[in-house]
Amino acid sequence: MTLRLPDATTLTRAQHSGWACVLCRAPLTLGAVPAGRAEGHIGAVDLSIDVYACPSCAVLHGLAEPNEPGGAG
């Protein structure tokens, strides 16, 4: 099962800018793990962007191992 990311058009400014976790909206001050690409369009404008998860969400959703750099634990 793959992680279902939110639509790019629903991201907050902080999530879109890479300042907040795409899953829980926590600030990414303690590290960030690539979470994938949030897809979305408004008309012909492609708003798709690479998004990041906090270390806790990354471990919870299988994006990182607990002992990896950037992983929680």
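Now for a quick tour of the structure. Numbering of residues begins from 1 in every chain and follows the order in which that chain's sequence is written. Only residues with pLDDT of 70 or above have their local features reported here, since the model is predicted, and side-chain atom pairs are shown and tallied only from 80 upward, although totals for entire chains, interfaces and linings are computed over all residues. Side-chain descriptors were evaluated using all non-hydrogen atoms of the structure, hydrogens and water having been removed beforehand.

Okay, the nonpolar core next. Here, nonpolar core refers to any group of buried Ala, Val, Leu, Ile, Met, Phe, Trp, Tyr and Cys residues whose side-chain atoms link them within 4.5 Å. Each residue gets one of three labels from its accessible area relative to the maximum for its type: buried under 20%, exposed over 50%, partly exposed in between, using a 1.4 Å probe on protein chains only. The biggest cluster of nonpolar side chains holds twelve residues, and these are L5, A8, L11, C21, V22, L28, A35, A38, V51, A53, C54 and C57. Where this core is concerned, the elements lending two or more residues are β1 (33–38) and β4 (49–53). Residues are treated as being in contact if the distance between any of their heavy atoms lies within 4.5 Å. Leave out the neighbours within four places in its chain, and L11 touches P6, H16, V22, A38, I49 and V51. The secondary structure listing takes helices from DSSP runs of H or I that are at least 4 residues long and strands from runs of E that are at least 2 residues long, numbered from the N terminus.

Tracing the sequence through the fold places A53 in strand β4. Once the C-alpha coordinates of A53 and A64 are considered, the two residues, eleven residues apart in sequence, prove to be 10.0 Å apart. Each residue touching A53, except ones within four places of it in the same chain, is listed here: C21, V22, L23, L28, G31, A32, V33, A35, A58 and L63.

The next point concerns the state of the cysteines. Sulfur atoms of two cysteines make up a disulfide when they are within 2.5 Å. Summed over all chains, the structure comprises zero disulfides. Not engaged in a disulfide, the cysteine C24 finds its nearest cysteine sulfur in C57; these two sulfurs lie 3.7 Å apart. No disulfide involves C54; its sulfur sits 3.6 Å from that of C57, the nearest cysteine. With a relative accessible area of 8%, C54 lands in the buried category.

Turning to the pattern of salt bridges, a few remarks are in order. Side chains carrying opposite charge are able to pair once their charged atoms draw close together. Whenever Lys or Arg places a side-chain nitrogen within 4 Å of a carboxyl oxygen from Asp or Glu, that contact is recorded as a salt bridge. Scanning all chains against the criterion turns up two salt bridges. Notably, a salt bridge pairs E39 with R37, separated by 4.0 Å at the nearest N-O pair. Overall, R37 belongs to the partly exposed group, its relative accessible area being 39%. Note that R37 is salt-bridged to D50, the shortest N-O span being 3.2 Å. Of this pair, R37 sits in strand β1 while D50 sits in strand β4, and the two are 13 residues apart along the sequence.

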